[in-house]
Structure formats: structure tokens, C-alpha cells
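Architecture at a glance
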Amino acid sequence: MCGIVGYVGDEKATDILLDGLEKLEYRGYDSAGIAVRHPEGAIEVIKEKGRLSNLEKLVAEAAPQGTEGIGHTRWATHGESNQLNAHPHHSKGDRVVGVHNGIIENFAELKAELTDKGYTFYSETDTEVCIDLIDYYYRESGDALDALKHAKAAIHGSYALAILFDDRPGEIWVMRKSSPMILGVADGRAYLASDVPALLKHTRDVYYMDDDQMATLSRDGIQFYDGEGHPIELELTHIDWDIEAAEKGGFDHFMLKEIFEQPVVIANTLRHFVDTNGWIRFKGSHMTPDFYKSFDRVHIVACGSAYHVGCVSKYVMEELARIPVDVDIASEFRYRNPILSEKDLVIIISQSGETADSLAALREAKKQGAPTLAIVNVVGSSIAREADRVIYTVAGPEIAVATTKAYSCQLLVMDLIALDLAVTLGRIDEARVQELLGELKSIPRKMDAILKHHEDYKAIAQHYLNDEHMYYVGRGLDYAACLEASLKLKEISYVHSEAYAAGELKHGTISLIDEGTPVIGIATQPALSEKIRSNLLEVKTRGAAVFTLVMEGLDGFDAIGEITTIPAIDPLWATSLSVVPMQLMAYYVSVGRGLDVDKPRNLAKSVTVE
Ligand code: F6R
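Below is a short write-up of the structure. Because the structure is a prediction, the values reported are computed rather than measured.

Analysis parameters
Residues numbered from 1 in each chain as written. Predicted model: local features only at pLDDT ≥ 70, side-chain atom pairs only at ≥ 80, totals over all residues. Heavy atoms only, no water. Helix = DSSP H or I, 4+ residues; strand = E, 2+ residues; numbered from the N terminus. Buried < 20%, exposed > 50% of the residue type's maximum accessible area, 1.4 Å probe, protein only. Contact = heavy atoms within 4.5 Å. Areas by Shrake-Rupley, 256 points an atom, 1.4 Å probe, with all protein chains shown as cover. Lys, Arg positive; Asp, Glu negative; His and termini not counted. Charge placed at Lys NZ, Arg CZ, Asp CG, Glu CD. Axes fitted to C-alpha atoms, helices over the stretch in contact; angles between N-to-C directions. Parallel < 35°, antiparallel > 145°, perpendicular 65-115°, else oblique. Left-handed = near helix turned anticlockwise from the far one by under 90°. Nonpolar A, V, L, I, M, F, W, Y, C, P; charged D, E, K, R; others polar. Near = heavy atom within 4 Å. Polar contact = N/O pair within 3.5 Å; in protein donor to acceptor, adjacent residues only side chain to side chain. Pairing = 2+ DSSP bridges. Core = buried A, V, L, I, M, F, W, Y, C linked by side-chain atoms within 4.5 Å. Salt bridge = Lys/Arg side-chain N within 4 Å of Asp/Glu carboxyl O.

Attention now moves to the overall build of the protein. Within the protein, the secondary structure is distributed over 19 helices and 25 strands. Taking the principal axes of its C-alpha atoms as reference, the protein extends roughly 80 × 55 × 45 Å. Scored against the burial criterion, the 610 residues of the protein give a buried share of 59%. Across the protein, contacts joining residues at least 24 apart in sequence account for 71% of those joining residues at least 6 apart. Of the accessible surface of the protein, which amounts to about 23,200 Å², a share of 48% is contributed by carbon and sulfur atoms. Charged side chains in the protein number 60 positive and 92 negative. The centres of these two groups are separated by 4 Å.

This is the structure we're talking about:
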């Protein structure tokens, strides 16, 4: 989720590029850079780690005078956040200079091929590989369009690329796949950006490029090409959002935007970790067969929603890999003197990588000699740096305080680890692995199908606007899903809610059920379907207003109360789908109660204190 900008015209490029990058700051980044072509032709790259102000100082000192250039804010995915890994990247002699959003899946293979052809690399990034690949084809043909076309055919993954060629002054070349690229024109000037806010100051008439398309920007305008390199025309779109709405991509809140981003980030995560042959690969994380065989127990330790990911993973990992899994709240784990040895793998899950209790738990585990693995979203964060091994989720920056897309990516990474472990320990056969991978790949499509009906959840939420107490009940994996559903609701709507293992209700909590008490059931597990149905009937008999989220194919719930369905999927992965309606319901209850959805009271995005 990096940011891209570009400009060609008659004004000083640095001001326009830096201003554009500033407009993309809200997305989060850890380094930034620009490339400007001097009036005499040479391209100068200036980049720096950290805030934009660091880059601005360097730009002020170098003061390049050119009127064309590209810029980038980086959210690290390949390689830590430092000056070398920052964009723009360049091929030898600055022949090709470019910025990139997205992930090149086969960058390791391409890097090896380019190394054989004599290329050397200065950074750890997939982007540098991509720029060298374009350089290679450009050297072969001397034709920019042809070079992009060939590179496009060789690259697997997602990209929005903006490229300068040293011998093509006055031109910026772009191409995109599964990563946004928006272009704008205004007499004698052309602009590009990965997100609308960076363009609004200059133009409100923009072109949205589609997958596989390429384009060249110049002072004469923009020429678009289809995937084969044939000239095409795109339709102009007029944007009438204000800047705040534009930052949210037209959504009312970041939380809703991030809920809607889930199908894309899940698809990206799958592409990142599952290669084209259907093998799970945690590149660079040293998840070797020897490592998997070195422990005989797993402890998952985290806080809040990340802890709920652990609760789901316990079921999944124990089921698939038949290895015992404990789940702990980090603030408890760190003080309870846990019994650990080198045979216990401790997995710390954290979006921010800075949560104080999770970091302390990691240190406790290391002190006791347990191997540690961090599942983290923010590259280079404290937990990522201190853990023995790290796997990064590729959710991109999450801005709303209540996590949604990071939660979903954490869950997916844990699913993949469970599968990989099960394969290595010989606990699953190849056919079942491929079946389960196929089902994982269906998640983005099925999430899209749920999101298409998001207004239904708005209608359902209206029933709960005045309730002060709610109960979420489920069994097995659905109980774990209830924990997250309940937290989502309470943290942004301030409605008191509790998640209960349905079978546990009659051991106390059922005495709270009264006429009209709202109870939300989640029922996605065929093996437990009858059991949860009986539990829901029990609360209905005592007056509860029951609403159940049911997986397609499970019957009998409509006789108990209102229902809504999610698409059928292997029950092991059902929580990845059931969480989406629950996020939407929490969101719409919060909106309906007129609350600050993105910044709920008393909460912070990163909890760096105990
Ligand atoms: C809830 C939420 C929190 C976090 C928790 C851990 O929506 O976002 O419960 O999950 O504070 O944060 P990280 O994952 O950054 O360690």
C-alpha cells in the first residue's frame, strides 16, 4: 500500500511531487523518494528513510530544477525500511528509473535469471528486479512499449509502475495490474497517482487504468495502450469528492474502506505465499522442514483481535497438524511464568509489531529458550526485529483503530502455517492440501459476494441501535469467531457485548436472557449444527431475539429467528467469511449511534504501554 505520484509539465516537478506525496501520507509509509529529470536530461534520484520531512530537506539541498519526475512513499514489504530499499529504484547508469506499488511474486526467479545475464543488485526489493527486467528488454529492443510489454509477460504479481527512461525526456511510462493507477491531464501537463487525493489540487478529470493496460504521459497528453500494445482510449471520470472523502476512497470511514479492501489483500497475501505450483513458501522466513520438526507444542500469544486470530488458529492447527496449541493473552502470559523449552514454538501475532505486552511476552519466551515466530504487519517493528523468525502479513497500512483487514491477513497466514506444518509432519495428504488451498483461494470471491450485500447489514444493524447488551454465541470455530464479532461491536459502538461458547450458556449466563435480549448466533460448522441449533432454541424459549449467521447448506435456523447466510466454504476456513458480516454489523451500529467509528473513545491504534 505504498503511494505513487508523477508529473510532466512546465512547472518545477519537486513541488508537485512532494505535495502529492504529502497527500498520500495518511496511508502510512516508512520511507520516501523522488526522481527528477534535470533540464539537461540526467535523472536525479533522492530518497530517504522515515518521514517526508527528511526527504524534503535533501530535496531542498539538491534543488533539482526539472519539470518532470516521479515519487513514492514506501510501506516496506520486501526488505527493511532503509534508504537503499526506498524507491525510486534504478538500473545500472540510471538507464531506467522507476517506482512501484504491489508485489512481484516471482522476483526471486527473475533475480536469478537477471544475475545470470550479468545484473547485480543493491537492494533487497522486488522493485529493483522489476526495473532491471525492463532495462533488459529495453536494451534488447530500444522500444519502451515493447520493453514494458515483455516485462509484463514475465512478471507474476501486482504492480502499478511509473518509469522514466534516460533517453526519453518528456515521457513517463506506466503500467498496472491489481494495484491502482490514476492519471490526470490539464493543459500541457500530465499527472499520475496511486490515489485520488494526490491529484485533486491539479485536476478532477481523471482516467482509471485497468489491469494490463499501459500508458505514456507527456506534455501533449496521455496515450493509453491495451495489454498487446495497441493504442486505446479510456473514458474520463469526473471526481467530485472533497479531499477527506478522497482519502477514504469515497467511503465514509477508513474502517469501511478497509473492510472492503479485504478481498484484495487476501488475494495479495495468497499470491505472496503460495507459488504458481501450489507450494506454500514463506520466503526469507527460514520455515524449513527441520524447523517445523524441532518443536512439539505451539503457544500463540497476542492481544485483542490478534489474540482472537490465535483462538481460531488453535482449532485449525490442532485439526490439521495434530500438534497441541495453547493460546494466551500476552498480558497474562508475560506474568504467569509459562513453562517453555526449546521444544515449544511461541508465535506472537501483532499488526503494529509494537504492542507492549506482546513484545514483553516475546522477550519472556526468548529468555526461556523457546524459538519465536512473529506474524507482523509493520515491517521493521520491534516485535519483527526481536523475534527469531518473522512472517509479514501484506495487509498494507491500517488506519481505522478497529482492525479488519489486518485481522483477516493474520488469519490467512496462520492458516497457511497450519497447512505447511501439517504437510511437513505428514499429517495430511496432497489431495486434501490442494483442496484446502483451492478453498482458501475462493475467499476473495466469496468475501466480494458478502460485501455486495453490505446494505443488508445496515438494515440489520438498525434493530440493535438502542440495545445496551448483546450476546454472541457459537461452538468450535464459531465460538472463536464470536469473540472477534463481540469485540468489534463493543469497541466501536460502546454496546456491552459478550461472546459465549454456546454449550456454556446454561452454566450461568442464560439467567441474563430475558424478553427481547439480542442474541447473535454464528453457525458455520456442519458437525456442530444440531448442537448450536438446540442452544439457540433454548435462548429463544426464554425470550431472546435470535439472529443467526448461517453457512449456506445448514438448515433449520430460520425457524428460530432471523437469519442471513454466507457462501459455503470448507468449515475450517469459515471464520474468514463469517467475520465480514460481523464487521459490517458493528460498523453500521456505530454509524447508526452517531459515533466516531475510526477513532473510538479511549483506544489507540498501537498500544505501546502496558
Ligand atoms: C481491535 C484491535 C485490537 C488489536 C490489539 C493488538 O480491533 O485492533 O484489539 O488487535 O490491540 O494490536 P496489535 O495487533 O497491533 O498487536
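Looking now at the packing of helix 16 (residues 454–462) against helix 19 (residues 574–592). Interhelical geometry of helix 16 versus helix 19 gives an angle of 50° and a closest axis separation of 8 Å. Compared by their axis directions, helix 16 and helix 19 come out oblique. The two elements helix 16 and helix 19 cross, and the hand of that crossing is right-handed. Between helix 16 and helix 19, the residues in contact are His 454, Tyr 457, Lys 458, Ile 460 and Ala 461 and Pro 581, Leu 584, Met 585, Tyr 588 and Val 589, respectively. Across the contact of helix 16 with helix 19, the residue classes break down as 8 nonpolar, 1 polar and 1 charged.

By nearness alone, 14 residues border the ligand, and Ser 350, Gln 351, Ser 352, Thr 355 and Glu 491 come closest of all. Within the contact set of the ligand, an oxygen atom lies 2.7 Å away from a side-chain nitrogen or oxygen of Ser 352. Coverage of the ligand by the protein chains reaches 88% of its 410 Å² of free accessible surface. Listing elements by their share of the shell around the ligand, those giving two or more residues are helix 9 (304–321) and helix 17 (477–493). The residue makeup of the shell around the ligand, split by class, is 5 nonpolar, 7 polar and 2 charged.

As for its position among the elements, Thr 403 is in the loop between strand 20 (389–392) and helix 13 (405–424). A polar side-chain atom of Thr 403 sits 2.9 Å from a polar atom in the side chain of Glu 398. In contact with Thr 403, other than residues within four places in its own chain, are Ser 305, Glu 398, Glu 484, Lys 488 and Lys 605.

This part covers the pairing of strand 3 (residues 43–49). Strand direction decides the pairing type here: strand 2 (residues 31–37) and strand 3, joined by 7 bridges, are antiparallel. Across the sheet, Ser 31 pairs through a bridge with Lys 49, a residue of strand 3. Linking strand 2 to strand 3, which pair antiparallel, is a turn of 5 residues; within it Gly 41 sits at a positive phi near 120°.

For residues other than glycine, phi is negative in most cases, and the peptide bonds are mostly trans. A cis amide bond links His 87 to the next residue, Pro 88, at an omega of 0°. Within the element layout of this structure, Pro 88 appears in the loop between strand 4 (68–74) and strand 5 (89–90). Phi angles above zero are rare outside glycine, and Ala 63 is one such case at about 45°. The residue Ala 63 is located in the loop between helix 2 (52–62) and strand 4 in this model.

A word on helix 1 (residues 13–23). With 8 of 11 residues buried, helix 1 lies mostly within the body of the structure. Three or more residues of helix 1 are buried, namely Ala 13, Thr 14, Ile 16, Leu 17, Leu 18, Asp 19, Gly 20 and Leu 21. Looking at the packing, one finds that the buried side of helix 1 touches strand 1 (3–8), strand 2, helix 2, strand 4 and strand 10 (189–193).

Turning our attention to the nonpolar core. Ranked by size, the top nonpolar core spans 112 residues in total, and within it Met 317, Leu 320, Ile 347, Ile 417 and Trp 573 carry the most contacts. Once you skip the residues sitting within four places of it in the chain, Trp 573 turns out to touch Val 316, Leu 320, Asp 415, Leu 419, Leu 436, Glu 439, Leu 440 and Ile 443.

Moving on, we get to the pattern of salt bridges. Counted under the stated rule, the structure contains 27 salt bridges. For the salt bridge of Asp 357 with Arg 334, the shortest nitrogen-to-oxygen distance reads 2.6 Å. Separated by 23 residues along the polypeptide, Asp 357 in helix 11 (residues 356–367) and Arg 334 in the loop between helix 10 (330–333) and strand 18 (344–350) bring together distant segments of the chain. When the shortest N-O distance is used, the salt bridge between Arg 432 and Asp 570 registers 3.0 Å. Of this pair, Arg 432 sits in helix 14 (residues 430–441) while Asp 570 is found in the loop between strand 25 (562–566) and helix 19, placing the two residues 138 residues apart along the sequence. Residue Asp 570 is classed as buried on the basis of its relative accessible area, which comes to 10%. Residues joined in a network through salt bridges with shared partners are Asp 10, Glu 11 and Arg 189.

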